[in-house]
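Listed here are the chains, written in short residue letters.
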Amino acid sequence: NAGVTQTPKFQVLKTGQSMTLQCAQDMNHEYMSWYRQDPGMGLRLIHYSVGAGITDQGEVPNGYNVSRSTTEDFPLRLLSAAPSQTSVYFCASSYSAGAPNSPLHFGNGTRLTVT
Amino acid sequence: AQSVAQPEDQVNVAEGNPLTVKCTYSVSGNPYLFWYVQYPNRGLQFLLKYITGDNLVKGSYGFEAEFNKSQTSFHLKKPSALVSDSALYFCAVRVDTGRRALTFGSGTRLQVQP
(Lines give C-alpha, C1' and ligand atoms only; values in the text may rest on other atoms or scores of the structure.)
Protein backbone atom coordinates (compact mmCIF):
# COMPACT_ATOMS: atom_id res chain seq x y z
CA ASN A 1 0.00 0.00 0.00
CA ALA A 2 1.96 2.98 -1.30
CA GLY A 3 -0.59 5.68 -0.34
CA VAL A 4 -0.29 8.83 -2.48
CA THR A 5 2.57 8.78 -4.98
CA GLN A 6 3.79 11.90 -6.77
CA THR A 7 6.26 12.11 -9.63
CA PRO A 8 8.64 13.68 -10.32
CA LYS A 9 10.17 14.79 -7.02
CA PHE A 10 12.00 17.71 -8.62
CA GLN A 11 11.56 19.56 -11.92
CA VAL A 12 13.12 22.61 -13.54
CA LEU A 13 11.27 24.25 -16.41
CA LYS A 14 11.89 27.21 -18.62
CA THR A 15 9.23 29.91 -18.93
CA GLY A 16 6.62 28.85 -21.47
CA GLN A 17 7.25 25.12 -21.25
CA SER A 18 4.45 22.75 -20.31
CA MET A 19 4.51 19.66 -18.15
CA THR A 20 2.36 17.27 -16.18
CA LEU A 21 2.76 16.45 -12.51
CA GLN A 22 1.59 12.95 -11.79
CA CYS A 23 -0.41 11.81 -8.77
CA ALA A 24 -1.69 8.31 -8.03
CA GLN A 25 -3.33 6.81 -4.97
CA ASP A 26 -4.01 3.14 -4.24
CA MET A 27 -6.49 3.61 -1.38
CA ASN A 28 -9.65 3.84 -3.52
CA HIS A 29 -10.20 7.39 -2.30
CA GLU A 30 -13.03 9.40 -3.82
CA TYR A 31 -11.61 12.84 -3.19
CA MET A 32 -8.32 14.07 -4.68
CA SER A 33 -6.82 17.53 -4.70
CA TRP A 34 -3.78 19.57 -5.62
CA TYR A 35 -2.23 22.22 -3.37
CA ARG A 36 0.73 24.49 -3.78
CA GLN A 37 2.88 25.48 -0.82
CA ASP A 38 4.67 28.80 -0.77
CA PRO A 39 6.63 30.23 2.17
CA GLY A 40 4.44 32.08 4.68
CA MET A 41 1.24 31.30 2.76
CA GLY A 42 0.38 27.82 3.91
CA LEU A 43 -1.18 25.55 1.32
CA ARG A 44 -3.53 26.87 -1.34
CA LEU A 45 -5.96 24.68 -3.22
CA ILE A 46 -5.49 24.60 -7.01
CA HIS A 47 -8.04 22.01 -8.21
CA TYR A 48 -9.94 19.14 -6.69
CA SER A 49 -12.05 16.16 -7.71
CA VAL A 50 -14.86 14.38 -5.89
CA GLY A 51 -14.79 11.35 -8.19
CA ALA A 52 -13.82 10.08 -11.61
CA GLY A 53 -14.96 12.49 -14.31
CA ILE A 54 -15.66 15.33 -11.86
CA THR A 55 -13.26 18.20 -11.24
CA ASP A 56 -13.59 21.74 -9.93
CA GLN A 57 -11.47 24.81 -9.34
CA GLY A 58 -9.92 25.74 -6.05
CA GLU A 59 -8.50 29.02 -4.81
CA VAL A 60 -5.68 29.44 -7.36
CA PRO A 61 -6.61 27.53 -10.56
CA ASN A 62 -5.22 29.88 -13.24
CA GLY A 63 -2.49 28.33 -15.36
CA TYR A 64 -3.33 24.77 -14.35
CA ASN A 65 -5.55 22.03 -15.75
CA VAL A 66 -6.64 18.72 -14.26
CA SER A 67 -8.57 15.65 -15.32
CA ARG A 68 -9.79 12.57 -13.47
CA SER A 69 -10.34 9.68 -15.85
CA THR A 70 -9.82 7.02 -13.18
CA THR A 71 -10.30 6.87 -9.42
CA GLU A 72 -6.56 6.35 -8.92
CA ASP A 73 -4.98 9.13 -10.99
CA PHE A 74 -5.23 12.90 -10.84
CA PRO A 75 -2.58 14.61 -12.99
CA LEU A 76 -1.92 18.36 -12.85
CA ARG A 77 -0.95 20.08 -16.09
CA LEU A 78 0.95 23.34 -16.33
CA LEU A 79 0.00 24.82 -19.67
CA SER A 80 2.71 27.46 -20.07
CA ALA A 81 5.00 27.67 -17.07
CA ALA A 82 5.68 31.04 -15.44
CA PRO A 83 8.17 31.96 -12.69
CA SER A 84 5.19 32.62 -10.37
CA GLN A 85 4.48 28.89 -10.52
CA THR A 86 7.73 28.08 -8.77
CA SER A 87 6.48 26.24 -5.73
CA VAL A 88 6.14 22.90 -4.00
CA TYR A 89 3.09 21.00 -5.20
CA PHE A 90 1.24 18.46 -3.09
CA CYS A 91 -1.38 15.97 -4.11
CA ALA A 92 -3.77 14.83 -1.37
CA SER A 93 -6.67 12.42 -1.19
CA SER A 94 -9.36 11.41 1.26
CA TYR A 95 -11.70 8.48 1.51
CA SER A 96 -15.03 10.19 1.10
CA ALA A 97 -15.85 13.39 -0.71
CA GLY A 98 -19.05 13.60 1.30
CA ALA A 99 -17.51 13.26 4.77
CA PRO A 100 -16.12 16.62 5.89
CA ASN A 101 -14.25 15.04 8.82
CA SER A 102 -12.30 12.68 6.55
CA PRO A 103 -8.60 13.61 6.84
CA LEU A 104 -6.38 14.17 3.82
CA HIS A 105 -3.49 11.87 2.94
CA PHE A 106 -0.62 13.71 1.28
CA GLY A 107 2.06 12.73 -1.20
CA ASN A 108 5.66 13.81 -0.62
CA GLY A 109 5.47 16.69 -3.05
CA THR A 110 7.03 17.92 -6.29
CA ARG A 111 9.45 20.83 -6.07
CA LEU A 112 9.08 22.88 -9.26
CA THR A 113 11.36 25.69 -10.34
CA VAL A 114 10.52 27.85 -13.37
CA THR A 115 13.38 29.95 -14.73
CA ALA B 1 -15.86 32.01 3.33
CA GLN B 2 -13.64 30.13 5.73
CA SER B 3 -10.25 31.10 7.08
CA VAL B 4 -7.64 29.98 9.56
CA ALA B 5 -5.10 32.08 11.44
CA GLN B 6 -1.92 30.86 13.06
CA PRO B 7 -0.63 33.99 14.75
CA GLU B 8 2.89 32.72 15.50
CA ASP B 9 5.40 32.03 12.75
CA GLN B 10 7.63 30.20 15.21
CA VAL B 11 7.31 28.75 18.70
CA ASN B 12 10.40 27.91 20.74
CA VAL B 13 10.20 25.59 23.73
CA ALA B 14 12.67 23.64 25.82
CA GLU B 15 12.54 19.86 25.79
CA GLY B 16 10.32 18.55 28.57
CA ASN B 17 8.26 21.73 28.78
CA PRO B 18 4.64 21.94 27.65
CA LEU B 19 3.96 23.41 24.25
CA THR B 20 1.04 25.24 22.65
CA VAL B 21 0.62 26.11 18.99
CA LYS B 22 -2.26 28.51 18.44
CA CYS B 23 -5.01 28.40 15.83
CA THR B 24 -8.17 30.45 15.38
CA TYR B 25 -10.74 29.95 12.66
CA SER B 26 -13.63 31.68 10.96
CA VAL B 27 -16.40 29.75 9.20
CA SER B 28 -20.06 30.03 8.31
CA GLY B 29 -21.45 26.74 9.54
CA ASN B 30 -20.13 23.84 11.56
CA PRO B 31 -16.33 23.67 11.57
CA TYR B 32 -14.32 20.55 10.92
CA LEU B 33 -10.85 21.21 12.28
CA PHE B 34 -7.59 19.40 11.74
CA TRP B 35 -3.94 19.59 12.68
CA TYR B 36 -1.17 18.39 10.37
CA VAL B 37 2.59 18.17 10.81
CA GLN B 38 5.24 18.51 8.11
CA TYR B 39 8.79 17.28 8.46
CA PRO B 40 11.51 18.55 6.07
CA ASN B 41 11.06 17.49 2.44
CA ARG B 42 7.93 15.48 3.25
CA GLY B 43 4.22 15.83 2.75
CA LEU B 44 1.84 16.75 5.54
CA GLN B 45 0.85 14.08 8.04
CA PHE B 46 -2.49 14.04 9.82
CA LEU B 47 -2.19 14.53 13.60
CA LEU B 48 -5.73 14.87 14.88
CA LYS B 49 -9.19 16.20 14.14
CA TYR B 50 -11.96 17.84 16.11
CA ILE B 51 -14.80 15.56 17.04
CA THR B 52 -18.10 17.29 17.71
CA GLY B 53 -18.80 17.51 21.42
CA ASP B 54 -15.24 16.82 22.57
CA ASN B 55 -13.48 19.97 23.75
CA LEU B 56 -10.20 18.08 24.20
CA VAL B 57 -9.16 15.83 21.35
CA LYS B 58 -6.25 13.39 21.55
CA GLY B 59 -4.13 12.56 18.52
CA SER B 60 -0.89 10.97 17.40
CA TYR B 61 2.52 11.23 19.14
CA GLY B 62 1.02 12.52 22.42
CA PHE B 63 -0.49 15.65 20.89
CA GLU B 64 -3.90 16.95 21.84
CA ALA B 65 -5.99 19.94 20.84
CA GLU B 66 -8.35 22.11 22.81
CA PHE B 67 -11.49 23.34 21.06
CA ASN B 68 -13.09 26.57 22.29
CA LYS B 69 -16.25 27.52 20.46
CA SER B 70 -16.66 30.97 22.00
CA GLN B 71 -13.10 31.95 21.10
CA THR B 72 -13.22 30.04 17.77
CA SER B 73 -9.91 28.46 18.61
CA PHE B 74 -8.38 25.01 18.24
CA HIS B 75 -4.96 25.17 19.91
CA LEU B 76 -2.52 22.27 19.64
CA LYS B 77 -0.89 21.17 22.89
CA LYS B 78 1.54 18.63 24.25
CA PRO B 79 2.38 18.22 27.96
CA SER B 80 6.08 17.48 27.43
CA ALA B 81 7.90 18.48 24.23
CA LEU B 82 10.51 16.31 22.51
CA VAL B 83 13.32 17.49 20.24
CA SER B 84 11.82 15.21 17.57
CA ASP B 85 8.61 17.30 17.68
CA SER B 86 10.47 20.09 15.87
CA ALA B 87 8.59 20.55 12.59
CA LEU B 88 6.10 22.76 10.76
CA TYR B 89 2.53 22.55 12.04
CA PHE B 90 -0.58 23.46 10.10
CA CYS B 91 -4.11 24.03 11.32
CA ALA B 92 -6.92 23.50 8.77
CA VAL B 93 -10.68 23.95 8.62
CA ARG B 94 -13.47 22.70 6.44
CA VAL B 95 -17.24 23.24 6.53
CA ASP B 96 -19.87 20.67 5.68
CA THR B 97 -21.49 22.64 2.89
CA GLY B 98 -20.48 23.81 -0.55
CA ARG B 99 -17.05 23.01 -1.84
CA ARG B 100 -15.85 21.29 1.35
CA ALA B 101 -12.30 22.30 0.53
CA LEU B 102 -9.78 22.23 3.34
CA THR B 103 -8.36 25.68 4.11
CA PHE B 104 -4.95 25.79 5.77
CA GLY B 105 -3.30 28.31 8.04
CA SER B 106 0.12 29.70 7.16
CA GLY B 107 1.90 27.27 9.47
CA THR B 108 3.88 27.53 12.70
CA ARG B 109 7.41 26.27 13.01
CA LEU B 110 7.99 24.52 16.31
CA GLN B 111 11.58 24.45 17.55
CA VAL B 112 12.27 22.28 20.60
CA GLN B 113 15.65 22.94 22.17
CA PRO B 114 17.51 20.16 24.01
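Please read all numbers here as calculations on a predicted model, not as lab measurements.

> It is not clear to me how the sheet that holds strand β7 (residues 64–66) of chain A should be interpreted in this structure. Could you clarify?
Two orientations exist for strands paired in a sheet by backbone hydrogen bonds: parallel and antiparallel. All names here are of chain A. The 4 strands are arranged β1-β3-β8-β7 in an open sheet whose pairing can be described as antiparallel. Both outer strands of the open sheet, β1 (4–7) and β7, are each paired with one neighbouring strand and no more. Taken pair by pair, the neighbouring strands of this sheet meet at an average axis angle of 20 degrees, ignoring direction. Strand direction decides the pairing type here: β7 and strand β8 (residues 76–78), joined by 3 bridges, are antiparallel.

> Teacher, can you tell me more about the side chain of A:Gln6 here?
All names here are of chain A. Positionally, Gln6 belongs in strand β1. The exposure class of Gln6 is buried, given its relative accessible area of 7%. A distance of 3.0 Å separates a polar atom in the side chain of Gln6 from the backbone nitrogen of Cys91. For Gln6, the side chain forms a polar contact with the main-chain nitrogen of Gly109, separated by 3.1 Å. Residues in contact with Gln6, not counting those within four places in the same chain, are Gln22, Trp34, Tyr89, Phe90, Cys91, Gly107, Asn108, Gly109 and Thr110.

> I tried to follow the packing of aromatic side chains on my own but got confused; where do I start?
Between two aromatic rings, the relevant description is the distance of the centres plus the angle of the planes. With the rule as written, the count across this model stands at 16 aromatic pairs over all chains. Ring centres of A:Phe106 and B:Tyr36 lie 5.7 Å apart, and the angle between their planes is 80 degrees; on these two criteria the pair is classed as edge-to-face. Note that A:Phe106 is positioned in strand β10 (residues 105–106) and B:Tyr36 in strand β5 (residues 31–38), a pairing that runs across two chains. The exposure class of A:Phe106 is buried, given its relative accessible area of 10%. Residue classification places B:Tyr36 among the buried residues on the basis of a relative accessible area of 0%. The ring of B:Phe63 carries B:Lys78 above its face, with NZ or CZ at 5.0 Å from the centroid. Lying over the aromatic face of A:Tyr31, B:Arg94 brings its terminal NZ or CZ to 6.0 Å of the ring centre.

Cut-offs and rules
- Residues numbered from 1 in each chain as written.
- Chains lettered and ligands numbered in written order.
- Predicted model: local features only at pLDDT ≥ 70, side-chain atom pairs only at ≥ 80, totals over all residues.
- Heavy atoms only, no water.
- Pairing = 2+ DSSP bridges.
- Helix = DSSP H or I, 4+ residues; strand = E, 2+ residues; numbered from the N terminus.
- Axes fitted to C-alpha atoms, helices over the stretch in contact; angles between N-to-C directions.
- Buried < 20%, exposed > 50% of the residue type's maximum accessible area, 1.4 Å probe, protein only.
- Polar contact = N/O pair within 3.5 Å; in protein donor to acceptor, adjacent residues only side chain to side chain.
- Contact = heavy atoms within 4.5 Å.
- Phe/Tyr/Trp six-rings, centres within 6.5 Å; stacked < 30°, edge-to-face > 60°.
- Lys NZ or Arg CZ within 6 Å of the ring centre and 35° of its normal.

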